[in-house]
Amino acid sequence: QVQLVESGGGLVQAGGSLKLSCSTSGRTFSNYRMGWFRQAPGKERELAAIRWNNGNTYHVDSVKGRFTISRDNAKNTLYLQMNNLKPEDTAVYYCAANTRPSAGWSTSRDYDLWGQGTQVTVSS
């Protein structure tokens, strides 16, 4: 099965940019709906962006216009380009994939494969 490994997190000043990567194994990358979630201290894990295999994407309002989810099938990698970062974006960011039927697509319960997470810290 697919394994997910995130990278690219770090410390950045407000207004800066980071690009997160999620490397996937195997040849099944294109078979799954994938997304990025984030979890700030003391808060529940929440959706940031989703990408379907047909290329459709969804970004939550709080990141829309600043974050862009994309996929490179040749490299088996999912990306999250984050621009104009804000302190409120500080969180552990997780790559996720859905391989089984799910009730929906917008909550962490709708995904069964997860990376280990990468820390993003935005200073003011």
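This text goes with the structure placed above it.
The numbers attached to residues start from 1 for each chain and follow its sequence in the written order. Since the coordinates come from a predicted model, pLDDT governs what is reported: local features require at least 70, and pairs of side-chain atoms require 80 or more to be given and counted, while whole-chain, interface and lining totals use all residues. To obtain the side-chain values, all non-hydrogen atoms of the structure were included, while hydrogens and water were left out.

1. Side note on the pairing of strand S11 (residues 118-123)
Line of reasoning, step 1. Burial status follows relative accessibility: with a 1.4 Å probe on protein chains alone, a residue under 20% of its type maximum counts as buried, one over 50% as exposed, and anything between as partly exposed. Secondary structure elements are defined from DSSP: runs of H or I of at least 4 residues count as helices, runs of E of at least 2 residues count as strands, and each element is numbered from the N terminus. Residues Thr118, Val120 and Val122 of S11 are buried on one face, while the alternating residues Gln119, Thr121 and Ser123, pointing to the opposite face, are not.
Line of reasoning, step 2. When DSSP finds two or more bridges between two strands, those strands count as paired. The pairing of strand S2 (residues 10-13) with S11 spans four bridges and is parallel. Looking at S11, one finds that Leu11 is bridged to Thr121.
Line of reasoning, step 3. The pairing of strand S9 (residues 91-98) with S11 spans three bridges and is classified as antiparallel. Residue Val92 lies in a different strand from S11, and its bridge partner there is Gln119.

2. Regarding the environment of Gly15
Line of reasoning, step 1. Mapping Gly15 onto the fold places it in the loop between S2 and strand S3 (18-24).
Line of reasoning, step 2. Here a residue-residue contact requires only that any non-hydrogen atoms of the pair lie within 4.5 Å. Those residues within four positions of Gly15 in sequence are excluded, and the remaining contacts are Asn84 and Leu85.

3. Here we look at unusual backbone geometry
Line of reasoning, step 1. One non-glycine residue, Asn76, lies in the positive phi region at around 50 degrees.
Line of reasoning, step 2. Turning to its location among the elements, Asn76 is positioned in the loop between strand S7 (67-72) and strand S8 (77-82).
Line of reasoning, step 3. Here Asn76 falls in the partly exposed class, since its relative accessible area comes to 21%.
Line of reasoning, step 4. The backbone of Asn84 sits at a positive phi, close to 50 degrees, despite the residue not being glycine.
Line of reasoning, step 5. Tracing the backbone shows Asn84 in the loop between S8 and S9.

Just distances and angles here, no functional claims.
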